[in-house]
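The lines below spell out each chain.
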Amino acid sequence: MAILLPLHTQLFWSCLGIYADVVKLCLPSKRLRMLADEIARFSRKPPETAVESLTRCMNEATSLAEYEKCTIALDKIQGHEAWKEARESIEPGYNPDVIETQIVMLQKAVATSDLSGMQHLLRTGLSRDLGGMNMLRLYKHSWFGTKYLIDDYINMVLETIDTFAEVTVRYNIPSAEVRFYQQSLEDALKYFGRSALTLSGGAVLGMKHVGVVKTLWEAELLPEIISGASAGSIVAGIVGTWTDERMPEVLENFPFSDLAVFDPPGTGRVGWVVNRLRTCMYSGAFFDMENLKRVMKLWLGDITFREAHYKTGRTLNICVSSASSAEPRLLNYVTAPDVFVWSAVCASCAVPNVFSPVNIYEKDVVTKEARLWMQNAQQTFVDGSLDHDIPMRKLSEMFNVNFFIVSQVNPHVRAFLEPEERFQGRQPTTPLPTRSPLQVAKGLFRREIIHRAQQIADLGFPQQWYRWASVFNQQYTGDINILPEINPAEYLHMMMNPTPEFMIEATMAGERATWPRMCRIKNCVAIELALIQTIHKLRDRVNFGPEARAARESRRSSSTGRASRGRSALPAFLRRRSLSIESATNDENGLGPPSLRVRRNVSLGSISLKPAMSITHTPRTTPYLSPQLGADYDRLGEALIMTATQEPE
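Fair warning: this is a prediction, and the values are worked out from it, not measured in the lab.

Let us now look at the overall build of the chain. Across its full length, the chain carries 23 helices and nine strands. By the burial criterion, 43% of the 649 residues in the chain qualify as buried. A separation threshold of at least 6 residues defines the contact pool for the chain, and within that pool the share at least 24 residues apart is 78%. Summed over its atoms, the accessible surface of the chain is roughly 36100 Å², and 57% of this surface lies on carbon and sulfur atoms.

Let us look at the pairing of strand 3 (residues 315–322). Along strand 3, eight of the eight residues are buried, which leaves the element largely enclosed by surrounding structure. The sheet contact formed by strand 3 and strand 4 (residues 328–331) spans four bridges and is antiparallel. Across the sheet, residue Ile 318 finds its bridge partner in strand 4, namely Leu 331. Alignment of strand 3 against strand 7 (residues 381–382), held across two bridges, turns out to be antiparallel. Each residue of the ladder has a partner; that of Ser 322, found in strand 7, is Phe 381.

Next up on the list: the nonpolar core. For soluble globular proteins, nonpolar side chains are generally found buried alongside one another. Counting residues in each nonpolar core, the largest one holds 68 residues, and the members touching the most others are Trp 299, Leu 300 and Ile 521. Beyond its immediate stretch of four places on either side in the chain, Leu 300 contacts Gly 237, Ile 238, Thr 241, Val 341, Trp 342 and Val 345. With 41 residues, the next largest nonpolar core counts Met 118, Leu 126, Met 156 and Leu 185 among its residues.

Throughout the structure, instances matching the rule amount to 15 aromatic pairs. An angle of 35 degrees between the planes, with centres 5.7 Å apart, marks the rings of Tyr 67 and Trp 515 as tilted. Placement of the pair is Tyr 67 in helix 4 (residues 64–78) and Trp 515 in the loop between helix 20 (500–514) and helix 21 (518–544), with a sequence separation of 448 residues. In this structure, Tyr 67 and Trp 515 share a single accessibility class: buried. A centroid spacing of 6.3 Å and a plane angle of 80 degrees characterise the contact between Trp 242 and Trp 299, whose relative ring orientation is edge-to-face. You can see Trp 242 sitting in the loop between helix 11 (231–239) and helix 12 (247–253) and its partner Trp 299 sitting in helix 14 (residues 289–300), a full 57 residues away along the chain. Owing to a relative accessible area of 16%, Trp 242 belongs among the buried residues under this scheme. You can call Trp 299 buried: its relative accessible area is 12%. Members of the aromatic cluster, joined through ring pairs, are Phe 262, Trp 272, Phe 286, Phe 287 and Phe 355. The cationic tip of Lys 311 hangs over the ring face of Trp 242; the distance from NZ or CZ to the ring centre is 5.2 Å.

Looking now at the UniProt feature "active site" (unreviewed entry) in the chain. Those residues carrying the UniProt feature "active site" (unreviewed entry) are Ser 230 and Asp 383 in this numbering. Across 154 residues, the annotated set stays spatially compact, with a maximum C-alpha separation of 5.8 Å. A relative accessible area of 6% places Ser 230 in the buried class. For Ser 230, the residues in contact, after removing those within four places along its chain, are Gly 201, Ser 348, Cys 349, Val 351, Asp 383 and Ser 385. Summarising the element assignment, Asp 383 is placed in the loop between strand 7 and helix 17 (392–399). Every residue in contact with Asp 383, bar those within four places of it in the chain, is listed here: Ser 230, Ser 321, Ala 347, Ser 348, Ala 350, Val 351 and Pro 352.

The geometry of a pair of packed helices is captured by two quantities: the angle between their axes and the separation between those axes. Where helix 10 (residues 209–218) contacts helix 20, the axes come no closer than 6 Å and their chain directions differ by 55 degrees. Between helix 10 and helix 20, the angle falls in the class oblique. Crossing angle aside, the handedness with which helix 10 passes helix 20 is right-handed. Contact residues: helix 10 offers Val 210, Gly 211, Val 212, Lys 214, Thr 215 and Leu 216, while helix 20 offers Thr 507, Gly 510, Glu 511 and Thr 514. Class assignment of the residues belonging to the contact of helix 10 with helix 20 gives a composition of three nonpolar, five polar and two charged.

Relative to the helices and strands, Arg 517 is located in the loop between helix 20 and helix 21. Accessibility expressed as a relative area gives 16% for Arg 517, which makes it buried. Leaving out residues up to four positions away in the same chain, Arg 517 has contacts with Glu 420, Ile 480, Asn 481 and Ile 482.

With that out of the way, let us pick up the packing of helix 8 (residues 148–170) against helix 21. Running from N to C, helix 8 and helix 21 point in directions that differ by 0 degrees, and their axes come no closer than 10 Å. Put simply, helix 8 runs roughly parallel to helix 21. Packed against helix 8, whose contacting residues are Ile 150, Asp 151, Tyr 153, Ile 154, Asn 155, Val 157, Leu 158, Ile 161, Phe 164, Ala 165, Thr 168 and Val 169, the element helix 21 presents Lys 522, Asn 523, Ala 526, Ile 527, Ala 530, Leu 531, Thr 534, Lys 537, Leu 538 and Arg 541 at the interface. Of the residues contributing to the contact of helix 8 with helix 21, the split by class is 14 nonpolar, four polar and four charged.

A separate point is the pattern of salt bridges. In the structure shown here, the tally under the stated rule is 28 salt bridges. Taking the shortest distance from any N to any O, the salt bridge between Arg 314 and Asp 244 comes out at 2.3 Å. Residue Arg 314 is located in the loop between helix 15 (305–312) and strand 3, and its partner Asp 244 is located in the loop between helix 11 and helix 12; the two are separated by 70 residues in the primary sequence. A residue is classified by how much of its surface remains accessible, and Arg 314, at 7% relative accessible area, is buried. A salt bridge links Arg 371 to Asp 364; the shortest N-O distance between them is 3.0 Å. Judged by relative accessible area, which is 35%, Arg 371 ranks as partly exposed. Given a relative accessible area of 14%, Asp 364 falls into the buried group. It is possible to trace a salt-bridge network through shared partners that takes in Arg 87, Glu 88, Asp 97 and Glu 100.

For the rest of this paragraph, the subject is unusual backbone geometry. Note: most peptide bonds trans; most residues except glycine with negative phi. Look at Asn 353: it is not a glycine, yet its phi comes out positive at around 75 degrees. A positive phi is found at Asn 400, a non-glycine position, where the angle reads about 60 degrees. With respect to the helices and strands, Asn 400 occurs in the loop between helix 17 and strand 8 (401–407).

The rules we used
- Residues numbered from 1 in each chain as written.
- Predicted model: local features only at pLDDT ≥ 70, side-chain atom pairs only at ≥ 80, totals over all residues.
- Heavy atoms only, no water.
- Helix = DSSP H or I, 4+ residues; strand = E, 2+ residues; numbered from the N terminus.
- Buried < 20%, exposed > 50% of the residue type's maximum accessible area, 1.4 Å probe, protein only.
- Contact = heavy atoms within 4.5 Å.
- Areas by Shrake-Rupley, 256 points an atom, 1.4 Å probe, with all protein chains shown as cover.
- Pairing = 2+ DSSP bridges.
- Core = buried A, V, L, I, M, F, W, Y, C linked by side-chain atoms within 4.5 Å.
- Phe/Tyr/Trp six-rings, centres within 6.5 Å; stacked < 30°, edge-to-face > 60°.
- Lys NZ or Arg CZ within 6 Å of the ring centre and 35° of its normal.
- UniProt positions renumbered as here; feature names shortened; annotations may be inferred.
- Axes fitted to C-alpha atoms, helices over the stretch in contact; angles between N-to-C directions.
- Parallel < 35°, antiparallel > 145°, perpendicular 65-115°, else oblique.
- Left-handed = near helix turned anticlockwise from the far one by under 90°.
- Nonpolar A, V, L, I, M, F, W, Y, C, P; charged D, E, K, R; others polar.
- Salt bridge = Lys/Arg side-chain N within 4 Å of Asp/Glu carboxyl O.

Below you can see the structure in the form of structure tokens.
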């Protein structure tokens, strides 16, 4: 039946073509004859081949699993599996021998359960670009994946990390040694580096970031460090403040929620014009920030950066720019722990002349009320994309990030980006991709703009005259660049409230742009995420394991019923006469123990210490009061009090 079906299909189309030719000759109307001619021409098209069918299914896929299934089948039909199995490739920087050597050493350590060997290899041998395996060109030889050797290395490292944690449990290693191995993995993560997802600006086009985040989260490859600027800060703020348990609900409901960030819900054409005139008259801007503030408070509440970090474990970063200077700022739980996330998002979206510059608010630690952040500086803030759309330098300095996944939808940026080499089903024949004349011309134009802006700055003109050039003088791409498709008609609706239909289409566009890069993202991020997970597992065992519980119980039982120590229990060196500036009072025989008269104050701050002379000494590397000397830390306050006695009358 499977063999006869194509014959019947071909026979059907042949009969249809003949019938259309006959009808075309008999019809009097010119339009009907043209329609019959199109039917006849379509019926004579050759039947769809297997490659064409799989390509069409790949382009129409609605999920990552469906896309992966089509691409794997295409690689088998077109013979790309042979390149994956081969060791060599035409890229000059690819070295399979280095990768094979590392795999063999890892296999040997895992087979023998050599804990020290695994610890050494994980600490010194991990690299994202081992043997040049992170080259983009290695992912342009097939529809799905890359060399099997690279996949074997990644899987071997993941197995080594799992075995490393398992052996510590199997051999019942003491907590002190487990802590050592935990610190070893932390060092390995430090040398390996961290990855970050950065979301660019782009007004309503920034909603395409939702599809990017959704794909990475469903594949469990979402980095813990997330940064957003302008419209990207909206998506980053929502992802960085909701836990994994609530993330499916958030991603499902977000497209259908209240996203009226430009105008109140239900605003018509006449109302739109009235709102623009009113806003321009009162603030000089095009839109009112109150609408965006309302939407952000609805989604984020009054959570701060510090609270979001403790709640989710993610490191949320929001880019803002100062309205009066070109100094970029990156807000996170380190630089602005008590700042409200909604306030930072509003500041990052304040495009000059579109929104008015805004203030940033933080939560008062005592009263929990909102107050002005940096009120002494008296600064206002504007769009974060103005000075650093992708804050690579800041993230590298603060969080050891050395790998960036960039989702870029800024329209003025996409026009100047060089298009990434695309795989069309044919193996590359040159070691390096070639640049088109248009790409060279765009690069020259961009450098010319930067040069002219620098000349204006050197002549001493005001900063407002050339600050716009910072838009062209930034790094807008990273190690992996996700470029969602933008329909030209979408440029006309960039400053309009997104509808649920647009949100669904934008989410799908972000997902489709992420699927072709998932293999490379997995190979570059999976090791880092496995290290983090294992570090947390070992840390929990050290802090909450049997030995830790027994130690806490022992300390609790020993402290229960312990007699309170009096003044006579102080160490001997604290009761010496040299600590007092008064003469000792002996008993009538002059042989009694010395007594110290101590000034009793409410706090140590009221004690006036008057040294007899100023002595310059070298700082000590060990504390004066240490357990080895017999001093108790709970007596440190009394020891300090005894150094200040009453002056003689």
